[in-house]
Amino acid sequence: MRTFVVTGGTDGMGRGLGLHYLGRGDRVIAVGSSQGKGDLFLAAAADIGAAERANFVRADLSTTAGVRKLIDQLPDVIDVLVLAAQRFRGERVETEDGLESSFALGYLSRYLLGHDLFDRLERAEAPLVLNIAAPGAPGKMQFDDLQLRKSYSGMRVSTQTARRNDLLGVSFTQVHPDARTRYVLYAPGLVATGIGDAMKQPMRTLYKVLSRLFAAPVAKAIVPMIELIDNRPEAALTAFNRGKPLPLDGPAFDPADAERLQKTTADLVASISR
């Protein structure tokens, strides 16, 4: 029996993965911000006879304090860490740490969880981090505006979140060069989830129309992820787009940029902790 920790585990692909592995006999800790959705996840687990192996932890991953509180509640051995928590906002919002919300939730929480849970992952037999993002997508990393103060738009949020997570994968292997833990960056493409609900009109309507026409259902979208989890890649870092491997030699995975973002993030975390 493996132990899975899934952020964004009460919605969309995170929920789908969690219920799949509960059905396989594993233990799943679903992390989310809504108690109501957490209760629905636990009810679904009970329906498949997995109530004793399903857990829900309510957490605010948009703050460093919330991430630290979650970490304190997690077990000493973690086999698979799935990073799927994300929330689209039509307008720029700052967290109580003074950080832009997509930076805090879509990147910083993943940075903290990956590094702070490293020892617990390393205790597992075949540890894996699955970071569900958008690896290899076009767009340049904006180091001069990490908090999107100069210009904020849905497209810029998506681009910068993708860039940060690509570099996070690279820096994870730089910080932990001898790790047994494998790090996978995964782009699922357009999936039928509720992520567009917070968009402004007319983009919300357009997104929903495109989703109806082209989005893959969650049950189909998670199949390649399950394959990667069950057949863990040998390389320390890999990236995939809907199951197809991506090269890691492009500018999105630049080692110097990864080192720069790692140092900037570490300094930022230290300043918040003081």
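Structure's up top.
Small disclaimer: the values here were computed from a predicted structure and weren't measured. (Residues numbered from 1 in each chain as written. Predicted model: local features only at pLDDT ≥ 70, side-chain atom pairs only at ≥ 80, totals over all residues. Heavy atoms only, no water.)

Caption draft 1: Geometry of the overall build of the protein. For the protein, the count of helices and strands is 10 helices and 8 strands. Projected onto the principal axes, the alpha-carbon positions of the protein cover approximately 50 × 45 × 40 Å. Taking all 274 residues of the protein together, 51% fall into the buried category. The contacts of the protein with a sequence gap of at least 6 include a subset with a gap of at least 24, amounting to 77%. Of the roughly 12,800 Å² that the protein leaves accessible, carbon and sulfur atoms contribute 52%. Across the protein, 34 positive and 31 negative side-chain charges occur, with their mean positions spaced 6 Å apart. (Helix = DSSP H or I, 4+ residues; strand = E, 2+ residues; numbered from the N terminus. Buried < 20%, exposed > 50% of the residue type's maximum accessible area, 1.4 Å probe, protein only. Contact = heavy atoms within 4.5 Å. Areas by Shrake-Rupley, 256 points an atom, 1.4 Å probe, with all protein chains shown as cover. Lys, Arg positive; Asp, Glu negative; His and termini not counted. Charge placed at Lys NZ, Arg CZ, Asp CG, Glu CD.)

Caption draft 2: Just helix α2 (residues 35-47), in detail. The end-to-end C-alpha distance of α2, which contains 13 residues, comes to 18 Å, matching closely the 18 Å that a straight helix rising 1.5 Å per residue would cover. One side-chain oxygen of the residue at the start of α2 lies 3.4 Å from the amide nitrogen of G36, identifying that residue as S34. With its phi angle positive at about 75°, G49 sits one or two positions after the end of α2. (Expected span 1.5 Å × (residues − 1). Polar contact = N/O pair within 3.5 Å; in protein donor to acceptor, adjacent residues only side chain to side chain.)

Caption draft 3: Focus on the pattern of salt bridges. Enumeration according to the criterion identifies 11 salt bridges in this entry. Between D11 and K37 there is a salt bridge, with the nearest N and O atoms lying 3.0 Å from each other. Residue D11 is found in the loop between β1 (3-7) and α1 (12-23), and its partner K37 is found in helix α2; the two are separated by 26 residues along the sequence. A single network of salt bridges, built from pairs that share partners, joins R2, R24, D26 and D230. (Salt bridge = Lys/Arg side-chain N within 4 Å of Asp/Glu carboxyl O.)

Caption draft 4: Up close: the packing of helix α4 (residues 101-116) against helix α6 (residues 154-175). It is at 10 Å that the axes of α4 and α6 come closest, and there the two elements cross at 10°. It follows that α4 is roughly parallel to α6 by the angle criterion. Together, S102, F103, G106, Y107, R110, Y111, G114 and H115 of α4 and V157, T161, R164, N165, L168, F172 and V175 of α6 make up the contact between the two elements. Residue classes in the contact of α4 with α6 are distributed as 7 nonpolar, 6 polar and 2 charged. (Axes fitted to C-alpha atoms, helices over the stretch in contact; angles between N-to-C directions. Parallel < 35°, antiparallel > 145°, perpendicular 65-115°, else oblique. Nonpolar A, V, L, I, M, F, W, Y, C, P; charged D, E, K, R; others polar.)

Caption draft 5: Just the side chain of N131, in detail. Tracing the backbone shows N131 in strand β5 (residues 128-132). Judged by its relative accessible area of 0%, N131 falls in the buried class. Once you skip the residues sitting within four places of it in the chain, N131 turns out to touch L83, R110, N165, L168, Y183, V184, L185 and Y186.

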